[in-house]
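The chain contents come next:
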Amino acid sequence: GIVRMADGTLLAVRDVAKGCQVWTPSGAATVLCVVQHRSMRKSTPLVALPESKLRVTAGHAVLDAGGVWRLAGSIGKPSGTACEVFNFILDAEHVLQVDDELCGTLMYDVDEARGASLVQSLQELPQWASGKLELSALPSCFGREQQHCLANAAAVVNMVTELI
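What you see is a predicted model, and the numbers here were worked out from it, not measured in a lab.

**Structural notes on the pattern of salt bridges**
Then, in step 1: Using the criterion set out here, one finds 4 salt bridges in the structure.
Then, in step 2: R14 is paired through a salt bridge with E84; the nearest N and O atoms lie 2.6 Å apart. One end of the pair, R14, is in the loop between β2 (10-12) and β3 (21-24); the other, E84, is in strand β10 (residues 84-90), with 70 residues separating them in the sequence.
Then, in step 3: Residue classification places R14 among the exposed residues on the basis of a relative accessible area of 53%.
Then, in step 4: Owing to a relative accessible area of 21%, E84 belongs among the partly exposed residues under this scheme.
Then, in step 5: One continuous salt-bridge network, built from bridges that share partners, spans R14, R38, E84 and E134.

Set out below in structure tokens:
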């Protein structure tokens, strides 16, 4: 997919990184973290939206033609699989444009307490500083805080997998 950036340029989803400024309906938002789920053994099913190039996971929030937020699986049709899928944590709005469609990002429509808990857990992981969380790479925790990190990693994988 192609993401609309805040300056109007377009960038491939896989090239969006921490610090990038993306376009949102409310103005620019900064990417705090890229969440990538990669699996070489099991592909993730995708759906294609009607009259769109966009292919996303069935549980991804998208704005339908009537202006209503819906899960992609409720309006799309199965359209193959992918070995990697991406999502983003933004500093504001939590909506961006991919392939001319408005898509909710990882924090879209997550209640405030659950969202704060997720971000706090992510911030405690070693990958947070790099701005890229690769779910296939978790856990990668070292040192005396390993038990705490491993517990957070497991909780994050569970929460994020539900939302991707």
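**So, the sheet that holds strand β9 (residues 77-82)**
Then, in step 1: Reading across from one edge, β6-β5-β9 is the order of the 3 strands in this open sheet, with antiparallel pairing throughout. The sheet is open, and its two borders are formed by β6 (55-56) and β9, each paired with just one other strand.
Then, in step 2: Alignment of strand β5 (residues 44-48) against β9, held across 4 bridges, turns out to be antiparallel. Its bridge partner being in β9, T44 is matched across the sheet by A82.

**Structural notes on the nonpolar core**
Then, in step 1: The biggest cluster of nonpolar side chains holds 21 residues, and the ones touching the most others in it are V3, V22, V31 and F88.
Then, in step 2: Only β4 (27-38), β10 and β11 (95-98) provide two or more residues apiece to this core.
Then, in step 3: Dropping the residues within four chain positions of it, F88 is found in contact with V13, V16, V31, C33, V34, L96, T105 and L106.
Then, in step 4: Core analysis: the second largest hydrophobic core is formed by 12 residues, L118, V119, L122 and L133 among them.

**Thoughts on the pairing of β5**
Then, in step 1: Looking at chain direction, β5 and β6 are connected through 2 bridges and run antiparallel. Bridge pairing in β6 places A48 opposite R55.

**Examining the side chain of T44**
Then, in step 1: Among the structural elements, T44 can be located in strand β5.
Then, in step 2: Not counting chain neighbours up to four residues away, the residues in contact with T44 comprise H37, T57, G80, T81, A82 and V85.

**Overview of the confidence of the model for the chain**
Then, in step 1: On average, residues of the chain carry a pLDDT of 81, and 76% of them reach 70 or more.
Then, in step 2: Overall, residues 138-154 carries pLDDT values under 50, and its contacts beyond four positions in sequence, including any with other chains, amount to 19 contacts.

**Here we look at the environment of K53**
Then, in step 1: With respect to the element layout, K53 can be found in the loop between β5 and β6.
Then, in step 2: Sequence separation of K53 and E101 is 48 residues, and the distance between their C-alpha atoms is 9.0 Å.

**What to know about unusual backbone geometry**
Then, in step 1: A positive phi angle, close to 65 degrees, is found at E93, a residue other than glycine.
Then, in step 2: Its place among the elements puts E93 in the loop between β10 and β11.
Then, in step 3: Non-glycine residue H94 carries a positive phi angle of around 65 degrees.
Then, in step 4: Its relative accessible area of 22% is what places H94 among the partly exposed residues.

**Section: the layout of surface pockets**
Then, in step 1: Taken as a whole, the largest pocket encloses approximately 500 Å³ of empty space.
Then, in step 2: If you trace the largest pocket, you find 25 residues lining it, with G1, V13, R55, V85 and F86 closest to the centre.
Then, in step 3: Here the element with the most residues in the lining of the largest pocket is β10; it accounts for 5 residues.

What counts and what doesn't
Residues numbered from 1 in each chain as written. Predicted model: local features only at pLDDT ≥ 70, side-chain atom pairs only at ≥ 80, totals over all residues. Heavy atoms only, no water. Salt bridge = Lys/Arg side-chain N within 4 Å of Asp/Glu carboxyl O. Helix = DSSP H or I, 4+ residues; strand = E, 2+ residues; numbered from the N terminus. Buried < 20%, exposed > 50% of the residue type's maximum accessible area, 1.4 Å probe, protein only. Pairing = 2+ DSSP bridges. Core = buried A, V, L, I, M, F, W, Y, C linked by side-chain atoms within 4.5 Å. Contact = heavy atoms within 4.5 Å. pLDDT = per-residue confidence, 0-100. 1 Å grid on protein atoms, 1.4 Å probe; cavity = no way out; pocket = protein on both sides within 12 Å on 5 of 7 lines; lining within 4 Å. Points joined across faces, edges and corners; volume = space filled by probe spheres on them.

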